[in-house]
Amino acid sequence: IVKLTCGHLMNFELLIREESAYDSLIFSDGCKPRPYQIEAMKFGENAGCKFIIADEQGLGKTIEALCLFKLHPEKLLPAVITCPTTIKVQIMREILRICGNGPEFLTQVISSGKEKAMPGFKIYIITYDMLKKEDVFQFVPDIKTIVIDECQKIKNHLSDRAKAVQRIAKDLDHIIPMSGTPIKNHAGEYFTVLNLVAPTRFPHYQTYLDQHCCAEEGNYGAKITGLRNPARFHELTKDIIIRRTKAEVLKDLPSLDRKFFHVELDPKLNKAYAKALEELDELIYAEDSFENSGLIIAVYSKMRHITGLSKIP
């Protein structure tokens, strides 16, 4: 137990399992976690499940987090998974595939601002914007874990999204931010999640900038750039950040691993997409469809643009 100068107490507990527990992890489709994914689970257990998963895209960060739920349900559940709107269904499917559909992993997908988390569920899936409602978890006082998917969404520690996550995470023992790109523009964006998982090491934004970030003078004042000393930063965070690239774990990956997921279109764009689909249908089945090839390509481009806008939130 660590007592902070502000008076808060932090509880730190190692989560240890027998080696055979990892061998028993078999998903509903018959698949098992890969060796590098098991390494991430062990890393998280040694960190007390208060760590950042920064593996490159496609390596299975969600699998690693959900397997920890399956290994330690008594310690980690109930849990909240906050994510962008478009991947809620995908995460729900992964929970069913990895954890199963038993009552010990019963999941509520909070799909509207009027909906509240209800007691009795073990996992709650919610978007960043819905998390802003302060009373959304008023009936669930015993949350133990938060998984912050695509954590670059809270890169600005003063944003409403970041404050909503900070509000729910401040009393939790287990916090798991995940992103293949936790830094998108400059090193200062790492502060929010570093402060969440290691507040004693990274207590203040300005101190973090002064000690770890470079800055360049521009026309509008100092501009934050990269890390001042990457080797020192790595040494300071090697027990709370795990990052692997595809090249590093390629021996564990098949030559081709293609999967298809259902992704929800942003409800605000449904009408625009449906209209474009009707337009495409008319062009393709028109008598002069060959002459309409240029227009057909233009409609396809419009539809790709609409789906791209849906990914932005």
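Described below are features of the structure shown in this document. (Residues numbered from 1 in each chain as written. Predicted model: local features only at pLDDT ≥ 70, side-chain atom pairs only at ≥ 80, totals over all residues. Heavy atoms only, no water.)

### Comments concerning the overall build of the protein chain
No. 1: When its secondary structure is counted, the protein chain shows 11 helices and 11 strands.
No. 2: Put simply, the protein chain has 313 residues, and 42% of those count as buried.
No. 3: Taking the intrachain contacts of the protein chain between residues at least 6 apart in sequence as the baseline, contacts between residues at least 24 apart amount to 63%.
No. 4: When the accessible surface of the protein chain is totalled, it reaches about 17300 Å², and 54% of it is carbon and sulfur. (Helix = DSSP H or I, 4+ residues; strand = E, 2+ residues; numbered from the N terminus. Buried < 20%, exposed > 50% of the residue type's maximum accessible area, 1.4 Å probe, protein only. Contact = heavy atoms within 4.5 Å. Areas by Shrake-Rupley, 256 points an atom, 1.4 Å probe, with all protein chains shown as cover.)

### Describing helix 10 (residues 270-284)
No. 1: Taking 1.5 Å per residue as the helical rise, helix 10 with its 15 residues ought to reach 21 Å, and the 21 Å between its terminal C-alpha atoms agrees with that figure.
No. 2: Three or more residues of helix 10 are buried, namely Ala276, Leu280 and Leu283. The arc that holds the buried residues of helix 10, viewed along the axis, is 65°, so those residues lie on one side. Away from its buried face, by an angle of more than 90 degrees, helix 10 presents the exposed residues Lys271, Lys275, Glu278 and Glu282. (Expected span 1.5 Å × (residues − 1). Arc of directions from axis to C-beta.)

### Some thoughts on the nonpolar core
Within soluble globular proteins, side chains that are nonpolar generally end up buried alongside one another.
No. 1: Phe137, Ile146, Ile148, Tyr190, Leu194 and Tyr208 are the most contacted members of the largest nonpolar core, which totals 40 residues.
No. 2: Those elements that provide at least two residues to this core are strand 6 (123-127), strand 7 (145-149), helix 6 (160-169), helix 7 (191-197) and helix 8 (205-212).
No. 3: Excluding anything up to four places from it in sequence, Ile146 contacts Val80, Thr82, Val165, Ile168, Ala169, Leu172, His174, Ile175 and Ile176.
No. 4: Core analysis: the next-biggest nonpolar cluster, separate from the first, contains 37 residues, Phe43, Ile63, Leu77 and Ile176 among them. (Core = buried A, V, L, I, M, F, W, Y, C linked by side-chain atoms within 4.5 Å.)

### Comments concerning the packing of helix 2 (residues 35-46) against helix 3 (residues 61-71)
Two quantities define a packed helix pair, namely the angle between the axes and the distance from one axis to the other.
No. 1: Between helix 2 and helix 3, whose axes approach to 9 Å, the crossing angle comes to 60°. With respect to helix 3, the axis of helix 2 lies oblique. Read as a crossing pair, helix 2 and helix 3 show a hand that is right-handed. For the pair formed by helix 2 and helix 3, the contact residues are Tyr36, Gln37, Ala40, Met41 and Glu45 on the first element and Ile63, Glu64, Cys67, Leu68 and Leu71 on the second.
No. 2: Split by residue class, the contact of helix 2 with helix 3 holds seven nonpolar, one polar and two charged. (Axes fitted to C-alpha atoms, helices over the stretch in contact; angles between N-to-C directions. Parallel < 35°, antiparallel > 145°, perpendicular 65-115°, else oblique. Left-handed = near helix turned anticlockwise from the far one by under 90°. Nonpolar A, V, L, I, M, F, W, Y, C, P; charged D, E, K, R; others polar.)

### As for the packing of aromatic side chains
No. 1: All told, the structure shown has eight aromatic pairs when counted by the stated rule.
No. 2: Both rings, one in Phe43 and one in Phe51, keep their centres 5.9 Å apart while their planes meet at 55°; by these two values the pair is tilted.
No. 3: Taken together, a centroid distance of 5.4 Å and an interplanar angle of 65° make the contact between Phe191 and Tyr205 edge-to-face. Of this pair, Phe191 sits in helix 7 while Tyr205 sits in helix 8, and the two are 14 residues apart along the sequence.
No. 4: Take Phe191: its relative accessible area is 5%, and that puts it in the buried class.
No. 5: One aromatic cluster is present, built from ring pairs that chain together Tyr190, Phe191, Phe202, Tyr205, Tyr208 and Phe233. (Phe/Tyr/Trp six-rings, centres within 6.5 Å; stacked < 30°, edge-to-face > 60°.)

### A closer look at empty space enclosed by the protein
No. 1: Enumeration over the complete set of coordinates arrives at one cavity of 30 Å³ or more.
No. 2: Here the largest cavity defines a volume of roughly 50 Å³.
No. 3: If you trace the largest cavity, you find it lined by Thr62, Ala65, Leu66, Ile81, Ile91, Val147, Asp149 and Met178.
No. 4: Of all the elements in the fold, those that place two or more residues in the lining of the largest cavity are helix 3 and strand 7.
No. 5: Looking at the lining of the largest cavity element by element, the count peaks at three residues for helix 3.
No. 6: A breakdown of the residues in the lining of the largest cavity according to their chemical character gives six nonpolar, one polar and one charged. (1 Å grid on protein atoms, 1.4 Å probe; cavity = no way out; pocket = protein on both sides within 12 Å on 5 of 7 lines; lining within 4 Å. Points joined across faces, edges and corners; volume = space filled by probe spheres on them.)

### Looking at the pattern of salt bridges
No. 1: According to the stated counting rule, one finds 13 salt bridges in the structure shown.
No. 2: By sharing partners, the salt bridges in this structure join Glu39, Asp55, Glu64 and Arg244 into a single network. (Salt bridge = Lys/Arg side-chain N within 4 Å of Asp/Glu carboxyl O.)

### Observations regarding helix 3
No. 1: Counting buried residues along helix 3, nine of its 11 residues qualify, which places the element largely inside the surrounding structure.
No. 2: Those residues of helix 3 that fall on the buried side of the exposure criterion are Lys61, Ile63, Glu64, Ala65, Leu66, Cys67, Leu68, Phe69 and Leu71.

### A closer look at the environment of Thr85
No. 1: Locating Thr85 in the fold gives a position in the loop between strand 4 (79-83) and helix 5 (88-98).
No. 2: In sequence terms Thr85 and Leu265 are 180 residues apart; their C-alpha atoms lie 8.5 Å from each other.
No. 3: Residue contacts for Thr85: discarding those within four places in its chain leaves Thr127 and Glu264.

### A few points about the environment of Ile81
No. 1: With respect to the helices and strands, Ile81 occurs in strand 4.
No. 2: C-alpha separation for the pair Ile81 and Ile176, spaced 95 residues apart in sequence, amounts to 9.4 Å.
No. 3: If we ignore the near neighbours within four places in the chain, the residues touching Ile81 are Leu66, Phe69, Ile91, Ile95, Ile123, Tyr124, Ile125, Ile126 and Val147.

### With respect to the pairing of strand 7
Regular strands place their side chains on alternate faces of the sheet.
No. 1: Judged by how many residues are buried, strand 7 sits mostly within the fold: five of five residues are covered.
No. 2: Of the two faces of strand 7, the one holding Thr145, Val147 and Asp149 and the one holding Ile146 and Ile148 are both buried throughout.
No. 3: Pairing geometry for strand 4 and strand 7, over four bridges, is parallel. By the bridge assignment for strand 7, Val80 is matched with Ile146.
No. 4: As paired elements, strand 7 and strand 8 (residues 174-178) share five bridges and run parallel to each other. (Pairing = 2+ DSSP bridges.)

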